[in-house]
Amino acid sequence: MKIWLLAVGQRMPHWVDEAYADYAKRLPAETPLLLKEIRAEARSSSLSAEAVMEREARRIEAALPQSCRLIALDEHGQRHTTASLATELQRWRQEGRDVALLIGGADGLAPRLKQRADALLRLSDLTLPHGLARVLLSEQIYRAHSLLSGHPYHRA
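Residues numbered from 1 in each chain as written. Predicted model: local features only at pLDDT ≥ 70, side-chain atom pairs only at ≥ 80, totals over all residues. Heavy atoms only, no water.

*Asks:* Before we move on, can you summarise the overall build of the protein chain with the specific residues and values?
*Replies:* Summing up its helical and strand segments, the protein chain has five helices and five strands in all. Along the protein chain, helices and strands appear, N-terminal first, in the series β-α-β-α-β-α-β-α-β-α. With the C-alpha coordinates of the protein chain rotated into their principal frame, the extents come out at 55 × 30 × 30 Å. Within the span of the protein chain, comprising 156 residues, buried residues form 47% of the whole. (Helix = DSSP H or I, 4+ residues; strand = E, 2+ residues; numbered from the N terminus. Buried < 20%, exposed > 50% of the residue type's maximum accessible area, 1.4 Å probe, protein only.)

Structure below.
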């Protein structure tokens, strides 16, 4: 099983790329965390937010692995503790198909992507910069893995 992080936006600050890479490399080879950056739509006064999200949605769909479990990050998604995220990770592993975690652009994800998703995930009650969301999500996936494997990284 592979975990794909499909994130709208490119050219993140160096610290984002470095932190994401650090957590991703800690995961075992049988459960890699792989990043696919999706080009954000150029904003203009002639395009509505809905049109921007739709164009980004098409790019996301083109990058999705076949038959993957789709998890969309959304402010109205399910809240998780680290322990409950670890339970989800275990369930995903047992299911055996790839998982795609979606982080939308500045306007979020197109409603049809959220409707298509197998689940909506809420990272925080706070609004986070997209780069920080990448880092937080990669760290929490690693933390969930460490909890499942009995590694002392997670101490609760």
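*Asks:* Before we move on, could you go through helix 1 (residues 14–26) and cite the residues and values that matter?
*Replies:* Compared with an ideal rise of 1.5 Å per residue, which puts 13 residues at 18 Å, helix 1 spans 19 Å between its outermost C-alpha atoms and is within 8% of the ideal. For helix 1, every residue scored as buried is listed here: Val16, Ala19, Tyr20, Tyr23 and Ala24. What you see down the axis of helix 1 is that its buried residues fit within an arc of 130°, all on one side. Exposed and oriented more than 90 degrees from the buried face of helix 1 are His14, Glu18 and Lys25. Residues of helix 1 that are buried make contact with strand 1 (3–8), strand 2 (33–38) and helix 5 (130–149). (Expected span 1.5 Å × (residues − 1). Arc of directions from axis to C-beta. Contact = heavy atoms within 4.5 Å.)

*Asks:* Before we move on, can you summarise the sheet that holds strand 2 with the specific residues and values?
*Replies:* Strand order in the open sheet made by the five strands is 2-1-4-3-5, with parallel pairing throughout. Each of the sheet's edge strands pairs with one partner strand only, and the pair in question is strand 2 and strand 5 (119–122). Pairwise comparison of adjacent strand axes, ignoring direction, gives a mean angle of 35° for this sheet. As judged from the five bridges shared by strand 1 and strand 4 (residues 99–103), these two strands associate in the parallel manner. For Leu5, the partnering residue across the bridge sits in strand 4 and is Leu101. Those strands touched by helix 1 are strand 1 and strand 2, and its axis lies near 150° from that of strand 2. (Pairing = 2+ DSSP bridges. Axes fitted to C-alpha atoms, helices over the stretch in contact; angles between N-to-C directions.)

*Asks:* So what's going on with the confidence of the model for the protein chain? Which residues, and what values?
*Replies:* Any segment with low pLDDT has predicted coordinates that should not be analysed in fine detail. Across the protein chain, the average pLDDT comes to 92, with 98% of residues at or above 70. The secondary-structure element of the protein chain with the lowest mean pLDDT is helix 2 (residues 49–63), recorded at 93, while strand 4 shows the highest, at 97. (pLDDT = per-residue confidence, 0-100.)

*Asks:* Provide a residue-level description of the packing of aromatic side chains, including the pertinent values.
*Replies:* Considering all chains together, one arrives at one aromatic pair under this definition. A centroid spacing of 6.4 Å and a plane angle of 35° characterise the contact between Tyr23 and Tyr142, whose relative ring orientation is tilted. Of this pair, Tyr23 sits in helix 1 while Tyr142 sits in helix 5, placing them 119 residues apart in sequence. With a relative accessible area of 6%, Tyr142 lands in the buried category. (Phe/Tyr/Trp six-rings, centres within 6.5 Å; stacked < 30°, edge-to-face > 60°.)

*Asks:* Could you give me a rundown of the environment of Ala40, with the residues and numbers involved?
*Replies:* Inspection of the secondary structure assignment puts Ala40 in the loop between strand 2 and helix 2. Put simply, Ala40 and Arg55 are 15 residues apart on the chain and 8.7 Å apart in space, counted from C-alpha to C-alpha. Not counting the four nearest positions on each side in its chain, Ala40 is found in contact with Val8, Gly9, Glu56 and Arg59.

*Asks:* Before we move on, can you summarise the packing of helix 3 (residues 82–95) against helix 5 with the specific residues and values?
*Replies:* Any two packed helices are characterised by how steeply their axes cross, that is the angle between the axes, and by the distance between the axes. The contact between helix 3 and helix 5 brings their axes to 8 Å, and the two run at 80°. The angle between helix 3 and helix 5 places the two elements in the roughly perpendicular class. Within the contact between the two elements, helix 3 uses Thr82, Ala83, Leu85, Ala86, Leu89, Gln90 and Arg93 and helix 5 uses Gln140, Ile141, Arg143, Ala144, His145, Leu147 and Leu148. In terms of residue class, the contact of helix 3 with helix 5 is built from eight nonpolar, four polar and two charged. (Parallel < 35°, antiparallel > 145°, perpendicular 65-115°, else oblique. Nonpolar A, V, L, I, M, F, W, Y, C, P; charged D, E, K, R; others polar.)

*Asks:* Tell me about the side chain of Glu88, and please be specific about residues and values.
*Replies:* Here Glu88 is to be found in helix 3. At 2.5 Å, the side chain of Glu88 forms a polar contact with the side chain of Arg91. (Polar contact = N/O pair within 3.5 Å; in protein donor to acceptor, adjacent residues only side chain to side chain.)

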